[in-house]
Amino acid sequence: MAKNLIKKYLPDTEKIKQHPSLKIFGALLHDNNLWHFNRRSARGAFAVGLFVALIPMPFQMVLAAALAILFRVNLPLSAALVWLTNPLTMGPIFFICYQLGALILGHPGHHVEPQVSLSWLIDSLDTIGKPFLLGSLIIGCTLSALGYTLVDYFWCLSAKKSWHNRIKKRQSETETDSL
């Protein structure tokens, strides 16, 4: 079942509760709903995690944890999904966000030579800021809705498959018992 596969790769609950950046949430982390893994919490966690992954900001995991607490969805899954945008994938994903935002706003695509400096970032906000943030918001909302819907669909599909397998097993057991 997909549930077991996802749970296998999630970080340990106690390890997450002890993470230094999550200490700010204090007693809120003791809500059991944040640690349960069911259909509602999984689809909500996918929505939260995928949305936050596309928000260009530092400490995305803290925002994902805050939203998981607010919406009472699975916190480990929400926090893990923000790593969709990691140092290897961030460049291409955010470039696509910028291109989408520029296309929607009708801005000509600016040739940008990225540099790792605060002054470059501040200077670039005027030219790439609005298209980049708009594209990030649109793709974040789209991925969030898509993740929510797909998790819900596959969860139902898996439950139906399990249900049919149980029925078949019971029918085969009654057939062998009647012989």
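Notes on the structure in this doc start here. Sequence order as written defines the numbering, with residues in each chain counted from 1. It should be noted that, the model being predicted, local features are given only for residues of pLDDT at least 70 and side-chain atom pairs only at 80 or more, the latter also being counted only at that level, while totals for whole chains, interfaces and linings use all residues. The basis for every side-chain value is the complete set of non-hydrogen atoms in the structure, without hydrogens or water.

1. Things to note about the packing of aromatic side chains
Any pair of Phe, Tyr and Trp rings, taking the six-membered ring for Trp, is counted once the centres come within 6.5 Å. Such a pair is stacked with planes under 30 degrees apart, edge-to-face with planes over 60 apart, and tilted for the rest. Counting across every chain of the model gives three aromatic pairs. Note on Phe94 and Phe132: the rings are 5.2 Å apart at their centroids and 75° apart in plane angle, and the pair reads as edge-to-face. On the criterion of sequence distance, the pair formed by Phe94 in helix α6 (residues 90–105) and Phe132 in helix α7 (residues 118–178) is long-range, its members being 38 residues apart. The pair Phe94 / Phe132 is uniform in exposure class, with both members buried. Seen in terms of ring centroids, Tyr153 and Phe154 are 5.2 Å apart; in terms of plane orientation they differ by 70°. Their pairing is edge-to-face. Classification of Tyr153 by relative accessible area gives partly exposed; the value is 48%. A helix here means a DSSP run of H or I that spans at least four residues, while a strand means a run of E at least two residues long, and both kinds are numbered starting from the N terminus. For every residue, the accessible area (1.4 Å probe, protein chains only) is compared with the maximum for its type, and the residue is labelled buried under 20%, exposed over 50%, or partly exposed between those bounds.

2. Some points on the side chain of Asn74
Mapped onto the elements of the fold, Asn74 is located in the loop between α4 (60–71) and α5 (75–81). For Asn74, a relative accessible area of 2% translates into the label buried.

3. Some remarks on the pattern of salt bridges
When a carboxyl oxygen of Asp or Glu is within 4 Å of a side-chain nitrogen of Lys or Arg, the pair counts as a salt bridge. For the structure on display, the rule yields two salt bridges. With a closest N to O distance of 2.8 Å, Arg43 and Asp152 form a salt bridge. Placement of Arg43 in helix α3 (residues 39–53) and of Asp152 in helix α7 is noted, with a sequence separation of 109 residues between them. Across this residue pair, the class does not change: Arg43 and Asp152 are buried. One connected set of salt bridges, linked through shared partners, spans Arg39, Arg43 and Asp152.

4. Here we look at unusual backbone geometry
Even without a glycine there, the phi angle at Phe59 is positive, about 60°. Of note, Phe59 is situated in the loop between α3 and α4. The class for Phe59 is exposed, based on a relative accessible area of 66%.

5. Details of α4
Helix span is expected to be 1.5 Å times the residue number reduced by one. Here α4 contains twelve residues, and its C-alpha end-to-end distance of 16 Å stays within 8% of the 16 Å for a straight helix at 1.5 Å per residue. Of the positions making up α4, those classed as buried are Gln60, Val62, Ala64, Ala65, Ala68 and Ile69. Buried-residue contacts for α4 involve α3 and α5. The positive-phi residue at the C-terminal boundary of α4 is Arg72, with phi of around 55°. Residue contacts are counted whenever heavy atoms from the two residues lie within 4.5 Å of one another.

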